[in-house]
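Analysis of the macromolecular model
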Amino acid sequence: MKYFCIMQKTNNKLQFEFVALMASLMSIVALSIDALLPAIPQIGNAFGVTNPNDNQMLITMIFLGLGFGQLIFGPLSDSFGRKPIVYVGFLVFTIASIICVTTKSFEMMILGRILQGIGLSSPRTLSIAIVRDSYSGDYMAKILSIVVMVFILVPVIAPTLGQFLINFYNWESIFYVNLIYGLLVILWFWKRQPETLEKEKRIKFTSHQFIDGAKEFVKHKDAVAFTLISGFVTGSFMVYLSTSQQIFQEQYNMADMFPYIFASLAISIGFATYLNSIFVVKYGMWRISYIATIAYAIISILYVLLFWSGDNPSIGVLLGFFALQFFAVGFIFGNIRALAMQPLGHIAGIGAAINGFVSTVMAVPIANYIGSFVNHSVLPLFIGFSIFGILSLLTFVILKRKNRMLHA
């Protein structure tokens, strides 16, 4: 294990493969969410859904599964190793995907999406735990930024892929393609990724393991604070994910352009994460994420002030605000997760699970509530950005003040 970590940090070829593999594990989640976006109206029609807002659950419910699944797979990985638990998660994802393509009930489809999320929580969470096993400090933030940057490439192409599949096949084919892609990634993971949690560092599995891990997590106030910020930002961003199809196809009548618009905005996040990977070691993840959070709040507040009437601006103005907003997000996501994980190296599996669970469980009701107001205007979306941007900034300020008092 020690030899593997040294080789990763000194051999660029191995490091590149490691980053690509971790990003690929995470990207199974992105593909399962974003490739389905163009097909949401068709799926709703296939199951007789009359309220378009109900279709948002096809996106938000997979996040609910992602949140709860982490509580299962994170602690198990601390006891049994990372790799076996990734395999178990993919098996659950496979079963859930079969449910989604065979069911005749919208309720069972939603259940299948929740189960997909539970299964996918394993590779999503454990990829972060594997990175934490191998790296620490600002360099860990650099690696996570690169992982997120590669991960962002999937939302760039996923909606276009989904549109292609429903044009030439049907919406069920999206689930089959997700399964095939996932299988290829898991085979790559099995063949090339060594186990990163040494046996002597594993925690004995007990009935109170999670409770003990949660108590240890709460002791680290920084980890708790950055987890809350992650929940605020993820929740407001999830509103965009669940309503983007509705906004561009119904409010702007741009159904044909939706995949390209979605891709262009994903590039904004990807470019920011690329820049973050360059600057984070020099300036530090704390400073960069703090400044990005200020920008996130200011951009959304400016939109609310300019378009308080509720009338949608031109598509060019809207895309400009979205691009700036998501550019700020690109400097937040990877750094906030790295900051939360920094003191949790000794419980990386449980730590990543609690961090992911809390942030996701916070995000789902935020997305469902705000999304219910995004019917005829984009304004509620930016009000959500503003509120949770301000809350994130306040959390930063409180944390900064406490740290100053400790070092005074």
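We now turn to the structure provided with this report. What you see is a predicted model; the values in this text were computed from it and never measured.

The number of helices and strands found in the protein chain is 16 helices and zero strands. Relative to the globule expectation of 22 Å for 408 residues, the C-alpha radius of gyration of the protein chain, 20 Å, shows essentially globular dimensions. Projected onto its principal axes, the C-alpha coordinates of the protein chain cover approximately 55 × 55 × 40 Å. A buried classification covers 59% of the 408 residues belonging to the protein chain. For the protein chain, contacts bridging at least 24 residues in sequence account for 86% of all contacts bridging at least 6. Accessible surface for the protein chain amounts to roughly 16900 Å². Of this, 69% is attributable to carbon and sulfur atoms. The distance from the centre of the 26 positive side-chain charges to the centre of the 17 negative ones in the protein chain is 12 Å.

Turning to the pattern of salt bridges, a few remarks are in order. Under the definition given, this model contains five salt bridges. A salt bridge links E198 to K201; the shortest N-O distance between them is 4.0 Å. You can call K201 exposed: its relative accessible area is 56%. For E216, the salt bridge goes to K219, with nearest N and O atoms at 3.7 Å. Within this pair, E216 and its partner K219 are both found in helix α9 (residues 209-219), separated by three residues, close to a single helical turn. You can call E216 partly exposed: its relative accessible area is 21%. In this structure, a network of salt bridges that share partners links the residues D78, R82 and D133.

Our focus in this paragraph is the packing of aromatic side chains. Throughout the structure, instances matching the rule amount to 37 aromatic pairs. Taken together, a centroid distance of 4.8 Å and an interplanar angle of 40 degrees make the contact between F164 and F168 tilted. Of this pair, F164 and F168 both sit in helix α7 (residues 137-168), four residues apart, roughly one helical turn. On the basis of relative accessibility, which here comes to 40%, the residue F164 falls in the partly exposed class.

To continue, consider unusual backbone geometry. If you check the backbone angles, N253 has positive phi at about 50 degrees while not being a glycine. Positionally, N253 belongs in the loop between α10 (221-251) and α11 (258-283). What makes N253 exposed here is its relative accessible area of 65%.

Two elements in contact, α10 and α11, have axes separated by 10 Å at closest approach and are oriented at 150 degrees. Considering the angle they form, α10 stands roughly antiparallel to α11. The element α10 and its partner α11 pack so that their crossing is right-handed. Along the contact surface, α10 presents F237, Y240, L241, S244, Q245, F248 and Q249, while α11 presents F258, I261, F262, L265 and I269. A class-by-class count of the residues in the contact of α10 with α11 yields nine nonpolar, three polar and no charged.

On to the nonpolar core, then. Core analysis: the biggest nonpolar cluster contains 125 residues, and Y240 and F322 have the highest contact counts within it. The biggest single contributor to this core is α10, with 13 residues. In contact with Y240, other than residues within four places in its own chain, are F248, F262, L265, F322, F326, L381 and F385.

This part is about the environment of A158. Considering the arrangement of structural elements, one finds A158 in helix α7. On the basis of relative accessible area, A158 is assigned to the buried category, the value being 0%. Distance from A158 to L37, taken between C-alpha atoms, is 8.7 Å for residues 121 residues apart in sequence. Apart from the residues lying within four places of it in its own chain, the contact partners of A158 are L31, D34 and A35.

The rules we used
Residues numbered from 1 in each chain as written. Predicted model: local features only at pLDDT ≥ 70, side-chain atom pairs only at ≥ 80, totals over all residues. Heavy atoms only, no water. Helix = DSSP H or I, 4+ residues; strand = E, 2+ residues; numbered from the N terminus. Rg over C-alpha atoms; globule rule 2.2 N^0.38 Å. Buried < 20%, exposed > 50% of the residue type's maximum accessible area, 1.4 Å probe, protein only. Contact = heavy atoms within 4.5 Å. Areas by Shrake-Rupley, 256 points an atom, 1.4 Å probe, with all protein chains shown as cover. Lys, Arg positive; Asp, Glu negative; His and termini not counted. Charge placed at Lys NZ, Arg CZ, Asp CG, Glu CD. Salt bridge = Lys/Arg side-chain N within 4 Å of Asp/Glu carboxyl O. Phe/Tyr/Trp six-rings, centres within 6.5 Å; stacked < 30°, edge-to-face > 60°. Axes fitted to C-alpha atoms, helices over the stretch in contact; angles between N-to-C directions. Parallel < 35°, antiparallel > 145°, perpendicular 65-115°, else oblique. Left-handed = near helix turned anticlockwise from the far one by under 90°. Nonpolar A, V, L, I, M, F, W, Y, C, P; charged D, E, K, R; others polar. Core = buried A, V, L, I, M, F, W, Y, C linked by side-chain atoms within 4.5 Å.

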